[in-house]
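Structural features, examined
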Amino acid sequence: MLKEQDKIFTNLNGKGTPLLEGAKKRGSWQKSRELLDLGSEKIIDEVKKSGLRGRGSAGFSTSLKWSFMPKNLPKAYLAVNADESEP
C-alpha cells in the first residue's frame, strides 16, 4: 500500500473539493509543484527508469512518447491519447 507521505494527490477518493484551492489546503499542490520544478528531462528520466509502458497492444514506452514533446515551449501542455478504441 502506498504510504501517505508518498502520495502525490490526497483526494483520490473524492472526499474533498477537486478545485485547486482545495488541493492547496490539502497540500496536494505542493507535491505537484515539487514534481514540476524537477523539469521535464528529469521527470522523463525517472519514468524511463520505472519502465512504465502504455496499456495498448504495443506496450509503447511512456518515457519515449513523452520525450517526443517539443522542448522549451512557452507554456506547458498535456498530451493525451484520445483514441477511444483503447481502455
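Residues numbered from 1 in each chain as written. Predicted model: local features only at pLDDT ≥ 70, side-chain atom pairs only at ≥ 80, totals over all residues. Heavy atoms only, no water.

1. Some points on the overall build of the protein
- Looking only at helices and strands, one finds four helices and zero strands in the protein.
- Ordered by position from N to C terminus, the α and β elements of the protein give α-α-α-α.
- Across the 87 residues that make up the protein, the buried fraction comes to 13%.
- In the protein, 17% of the contacts between residues at least 6 apart in sequence involve partners at least 24 apart.
- Summed over its atoms, the accessible surface of the protein is roughly 7,700 Å², and 57% of this surface lies on carbon and sulfur atoms. (Helix = DSSP H or I, 4+ residues; strand = E, 2+ residues; numbered from the N terminus. Buried < 20%, exposed > 50% of the residue type's maximum accessible area, 1.4 Å probe, protein only. Contact = heavy atoms within 4.5 Å. Areas by Shrake-Rupley, 256 points an atom, 1.4 Å probe, with all protein chains shown as cover.)

2. Quick word on a nonpolar patch on the surface
- Together, Leu 20, Trp 29 and Leu 36 give the surface a local cluster of nonpolar side chains, amounting to about 270 Å² of exposed area.
- Positionally, Leu 20 belongs in helix α1 (residues 20-26). (Patch = residues over 30% accessible without salt bridge, like charges linked within 9 Å, V, L, I, M, F, W, Y side chains within 5 Å. Salt bridge = Lys/Arg side-chain N within 4 Å of Asp/Glu carboxyl O.)

3. What to know about the packing of aromatic side chains
- Summed over all chains, the structure comprises one aromatic pair.
- Ring centres of Phe 60 and Phe 68 lie 6.4 Å apart, and the angle between their planes is 45 degrees; on these two criteria the pair is classed as tilted.
- Relative accessible area serves as the criterion here: at 37%, Phe 60 is assigned to the partly exposed category. (Phe/Tyr/Trp six-rings, centres within 6.5 Å; stacked < 30°, edge-to-face > 60°.)

Interpretation in functional terms is not warranted from these geometric data alone.
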